[in-house]
Amino acid sequence: MDTSTYNHKKTLLVFITLAITVCSKNVFAKSRHPITDTEIRERKSKCYGDIESGYWGQHCKASLIAKENCALRCLSPPCYEIVYESDPLEEGEKDYSRSQEYKYCMHRVSLGESLDGIKGSFDF
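Quantities reported herein were computed from a predicted structural model and do not represent experimental measurements.

Draft legend 1. The packing of aromatic side chains, seen in detail. As enumerated under the stated definition, the model contains two aromatic pairs in all. A ring pair is formed by Tyr84 and Tyr102, whose centres lie 5.7 Å apart and whose planes are at 50 degrees; its orientation type is tilted. Note that Tyr84 is positioned in the loop between α4 (77–83) and α5 (96–110) and Tyr102 in helix α5, a separation of 18 residues in sequence. Taking the relative accessible area as the measure of exposure, Tyr84 reaches 4% and is therefore buried. Taken together, the aromatic side chains of Tyr80, Tyr84 and Tyr102 make up a single cluster linked through ring pairs.

Draft legend 2. Spotlight on the pattern of salt bridges. This structure, assessed with the given rule, holds nine salt bridges. Residue Glu52 pairs with Lys67 through a salt bridge whose shortest N-O separation is 2.7 Å. One end of the pair, Glu52, is in helix α2 (residues 37–52); the other, Lys67, is in helix α3 (residues 64–75), with 15 residues separating them in the sequence. Given a relative accessible area of 44%, Glu52 falls into the partly exposed group. The shortest N-O distance in the salt bridge between Glu85 and Arg73 comes to 3.1 Å.

Draft legend 3. The arrangement of the state of the cysteines in detail. The full count for this structure, using the stated rule, is three disulfides. One disulfide bridge connects Cys47 with Cys74, the sulfur atoms lying 2.1 Å from each other. Where Cys47 bonds to Cys74 through sulfur, the torsion about that S-S bond is close to -80 degrees, and the disulfide is left-handed. One end of the pair, Cys47, is in helix α2; the other, Cys74, is in helix α3, and 27 residues separate them in sequence. Looking at Cys47, the relative accessible area reads 4%, which means it is buried. Each sulfur of the disulfide joining Cys60 and Cys70 lies 1.9 Å from the other. With the S-S bond torsion at -75 degrees, the cross-link from Cys60 to Cys70 turns out left-handed. Residue Cys60 is found in the loop between α2 and α3, and its partner Cys70 is found in helix α3; the two are separated by ten residues along the sequence. We classify Cys60 as buried; its relative accessible area is 0%. Accessibility expressed as a relative area gives 8% for Cys70, which makes it buried.

Cut-off values and rules
Residues numbered from 1 in each chain as written. Predicted model: local features only at pLDDT ≥ 70, side-chain atom pairs only at ≥ 80, totals over all residues. Heavy atoms only, no water. Phe/Tyr/Trp six-rings, centres within 6.5 Å; stacked < 30°, edge-to-face > 60°. Helix = DSSP H or I, 4+ residues; strand = E, 2+ residues; numbered from the N terminus. Buried < 20%, exposed > 50% of the residue type's maximum accessible area, 1.4 Å probe, protein only. Salt bridge = Lys/Arg side-chain N within 4 Å of Asp/Glu carboxyl O. Disulfide = S-S within 2.5 Å.

Structure (structure tokens):
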């Protein structure tokens, strides 16, 4: 095989790989519909199962609130980081505004949208 044929095939292979990569990111990064409450419940249920199986470590089974924090991190690591990581839920705490921020974040993640401005978006 001569050098020009080899270079042509190599260039074609690089182009095809690049095209597949770009198309894949667009298909998987953005959805045509936002995540539903049902999908969230199903995913969270799977997270609870993983926690009970020990996949998240024993610290996640230490208390109900530890389990909840781990489930939220499992469900959406970027949303947990934005909303709860600096101030995790505490025993007996009901934080409506952060709960709404988290759901809003998951909605935006499911659509492939920017997560800028999530924190504090439901402060009243």
